[in-house]
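# Understanding the architecture of this molecule
For reference, the chains in residue letters:
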Amino acid sequence: MFLLYEYDIFWSFLIISSAIPILAFLISGVLAPIRKGPEKLSSYESGIEPMGDAWLQFRIRYYMFALVFVVFDVETVFLYPWAMSFDILGVSVFIEALIFVLILIVGSVYAWRKGALEWS
């Protein structure tokens with residue numbers, strides 16, 4: 001039988017974790033002072049008067065490098081629980097993790113050959 005009272009902790013956590021950011025935005029919107037002026041409308045650059053145009057395009061290499069970093073960072077997050085329970089899970093999970101790592105190695109070699117890992 002499906003019992004809803006087993007999920008009381010989940011629902012209370014979900015409601016509280018949703019209410020805290022909403023209340024923070026509402027309170028800051030009510031209490032924040034609203035002042036308009038030239039200083040408020042100018043861009044801030046560490047206390048120095050901004051020079052030139054604020055629009056600056058970044059090269060796509062920065063984004064590619066960040067994307068490759070995120071992929072391998074997520075790989076670490078997925079492999080850590082597997083490594084902690086390696087002795088319990090058995091050989092089949094080892095083969096699955098090996099396939100996962102091999103797919104990531106193939107992706108790494110592909111990114112390396114395409115030049116996504118070169119900073120220059």
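Here's a quick rundown of the structure. Everything numeric here is computed off the predicted structure, so don't read it as measured data. (Residues numbered from 1 in each chain as written. Predicted model: local features only at pLDDT ≥ 70, side-chain atom pairs only at ≥ 80, totals over all residues. Heavy atoms only, no water.)

### Some thoughts on the overall build of the protein chain
Applicable threshold: The way it works is that DSSP assigns letters per residue, a run of H or I at least four long becomes a helix, a run of E at least two long becomes a strand, and they are numbered from the N terminus. We call a residue buried when its accessible area falls under 20% of the maximum for its residue type, exposed when it is over 50%, and partly exposed in between, using a 1.4 Å probe and counting protein chains only. Whether two residues touch is decided by their heavy atoms; if any such pair falls within 4.5 Å, the residues are in contact. Shrake-Rupley sampling with a 1.4 Å probe provides the accessible areas, and residues are treated as covered by the protein chains on show and by no other component.
Helices and strands together make up the secondary structure of the protein chain, namely 5 helices and 0 strands. Moving toward the C terminus, one meets the helices and strands of the protein chain in the order α-α-α-α-α. Looking at the protein chain as a whole, 8% of its 120 residues qualify as buried. Nonlocal contacts in the protein chain, meaning residues at least 24 apart in sequence, comprise 60% of its contacts between residues at least 6 apart. Surface summary for the protein chain: the accessible area is close to 11400 Å², and the carbon and sulfur share equals 72%.

### Regarding the side chain of Glu75
Among the secondary structure elements, Glu75 is positioned in helix α3 (residues 60–84). Residues contacting Glu75, with those up to four places away along its chain left out, are Phe100, Val101 and Leu104.

### A word on the packing of aromatic side chains
Filter applied, for reference: Put simply, two rings from Phe, Tyr or Trp (the six-membered ring, in Trp's case) pair if the centres are within 6.5 Å, and we call them stacked under 30 degrees between planes, edge-to-face over 60, tilted for the rest.
Applying the stated criterion across every chain yields a total of 3 aromatic pairs. Judged by centre distance (5.0 Å) and plane angle (70°), the ring pair of Phe10 and Trp11 falls under edge-to-face. A relative accessible area of 44% places Phe10 in the partly exposed class. The exposure class of Trp11 is partly exposed, given its relative accessible area of 46%. Taken together, a centroid distance of 6.2 Å and an interplanar angle of 85° make the contact between Phe78 and Phe100 edge-to-face. Of this pair, Phe78 sits in helix α3 while Phe100 is found in helix α5 (residues 91–114), placing the two residues 22 residues apart along the sequence. Residue Phe100 is classed as partly exposed on the basis of its relative accessible area of 29%.

Purely geometric stuff here, so don't read any function into it on its own.
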